Amino acid sequence: MIDNLDQGYFGIGIQNGKTPENLGVLWRSAQNMGASFIFTIGNRYAKQACDTHKAVGAMPYFHYNTFDDFYKHLPKGAMVVGVELDEKSVELETFEHPRRCVYLLGAEDHGLSKQAIDKSHHLVKFDTSLSINVAVAGSIVMYDRRMKARLKSATK
Ligand SMILES: C[S@@+](CC[C@H](N)C(=O)[O-])C[C@H]1O[C@@H](n2cnc3c(N)ncnc32)[C@H](O)[C@@H]1O
């Protein structure tokens, strides 16, 4: 049993997401892996983001026009965890997920913006030859959080 008070909460979203299908897959994983909220930044698929999946009716969905807007409205005390294949990123396998955090994924074509990379409190990556699908990447990160939380509560 995962203790919420102990584990805090997380939200997950995409900056400038390109395809509604990927958003739908990500929302479905988010709903199933215990996300507290989902979000999009930028206008590329804002409308479809609301339409793609019933997850949007099941948990809060936020849309931010710009990265600054997103950053200004973060939940108090939440850390931004940028998920990106960047030289500054640490390996997911050894990463300790913050109790309260927001996972931010990059666009299918351009990845995370430089501003997002610079402003993220943490940056994580996992070992792949090339970058993989954004919704799959988000699902891997959420699964890792979930498994580490489970291990932690089992060893208490
Ligand atoms: C298809 S990738 C972006 C590819 C883009 N052309 C680039 O190289 O920046 C979409 C998103 O998936 C995530 N992603 C994919 N593979 C990853 C990996 N191995 N580690 C961390 N994030 C990854 C990142 O959030 C990335 O911005």
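See above for the structure.
Here the structure is a predicted model, which means the values were calculated and not measured.

Draft legend 1. Just the site of the ligand, in detail. Taken together, 19 residues are adjacent to the ligand, and V83, E84, D109, F126 and T128 come closest. E84 is positioned such that a nitrogen or oxygen atom in its side chain is 2.7 Å from an oxygen atom of the ligand. One of the backbone N or O atoms of G106 is found 3.0 Å from an oxygen atom in the ligand. The protein chains hide 83% of the 570 Å² of surface that the ligand would expose on its own. Elements supplying a minimum of two residues to the shell around the ligand: strand 7 (122–125) and helix 7 (134–154). Of the residues contributing to the shell around the ligand, the split by class is 10 nonpolar, five polar and four charged.

Draft legend 2. Representation of a nonpolar patch on the surface in the model. Side chains of I132, V136 and I140 sit close together on the surface and give an oily, nonpolar patch of about 200 Å² of accessible area. One can find I132 in the loop between strand 7 and helix 7. The class for I132 is partly exposed, based on a relative accessible area of 34%.

Draft legend 3. Quick look at helix 7. Compared with the 30 Å implied by 1.5 Å per residue over 21 residues, the 30 Å span of helix 7 between its first and last C-alpha is a close match. Residues of helix 7 that are buried include every one of V134, A135, A137, G138, S139, V141, M142, D144, R145 and A149, and no others. Its side-chain oxygen 2.8 Å from the backbone nitrogen of A135, N133 forms the N-cap of helix 7.

Draft legend 4. How the structure looks around the sheet that holds strand 2 (residues 37–41). Ordered in space as 3-2-1-6-4-7-5, the seven strands form an open sheet in which the pairing is parallel. The strands lining the two open edges of the sheet, one partner per strand, are strand 3 (61–64) and strand 5 (90–91). One ladder, built from two bridges, connects strand 5 with strand 7; its direction is parallel. In the sheet register, V90 faces strand 7, and the bridge partner there is V124. Strand contacts of helix 2 (residues 20–32): strand 1 (9–15), strand 2, strand 3 and strand 6 (100–105), with the helix running at about 175° to strand 1, the strand carrying the most contacts.

Draft legend 5. Structural view of the side chain of S120. Structurally, S120 can be placed in the loop between helix 6 (114–119) and strand 7. Given the relative accessible area of 11%, S120 is considered buried. Within the structure, S120 has its side chain in polar contact with the backbone oxygen of A116 (distance 2.8 Å). Leaving out residues up to four positions away in the same chain, S120 has contacts with V80 and G82.

Draft legend 6. Looking closely at the pattern of salt bridges. Throughout the structure, instances matching the rule amount to three salt bridges. Between K114 and D118 there is a salt bridge whose closest N-O contact spans 2.6 Å. Separated by four residues within a single helix, K114 and D118 lie in helix 6, roughly one turn from each other. Among the residues examined, K114 registers a relative accessible area of 62% and is labelled exposed.

Conventions and cut-offs
- Residues numbered from 1 in each chain as written.
- Predicted model: local features only at pLDDT ≥ 70, side-chain atom pairs only at ≥ 80, totals over all residues.
- Heavy atoms only, no water.
- Near = heavy atom within 4 Å.
- Polar contact = N/O pair within 3.5 Å; in protein donor to acceptor, adjacent residues only side chain to side chain.
- Areas by Shrake-Rupley, 256 points an atom, 1.4 Å probe, with all protein chains shown as cover.
- Helix = DSSP H or I, 4+ residues; strand = E, 2+ residues; numbered from the N terminus.
- Nonpolar A, V, L, I, M, F, W, Y, C, P; charged D, E, K, R; others polar.
- Patch = residues over 30% accessible without salt bridge, like charges linked within 9 Å, V, L, I, M, F, W, Y side chains within 5 Å.
- Salt bridge = Lys/Arg side-chain N within 4 Å of Asp/Glu carboxyl O.
- Buried < 20%, exposed > 50% of the residue type's maximum accessible area, 1.4 Å probe, protein only.
- Expected span 1.5 Å × (residues − 1).
- Pairing = 2+ DSSP bridges.
- Contact = heavy atoms within 4.5 Å.
- Axes fitted to C-alpha atoms, helices over the stretch in contact; angles between N-to-C directions.

Worth remembering: the numbers are spatial, not functional.
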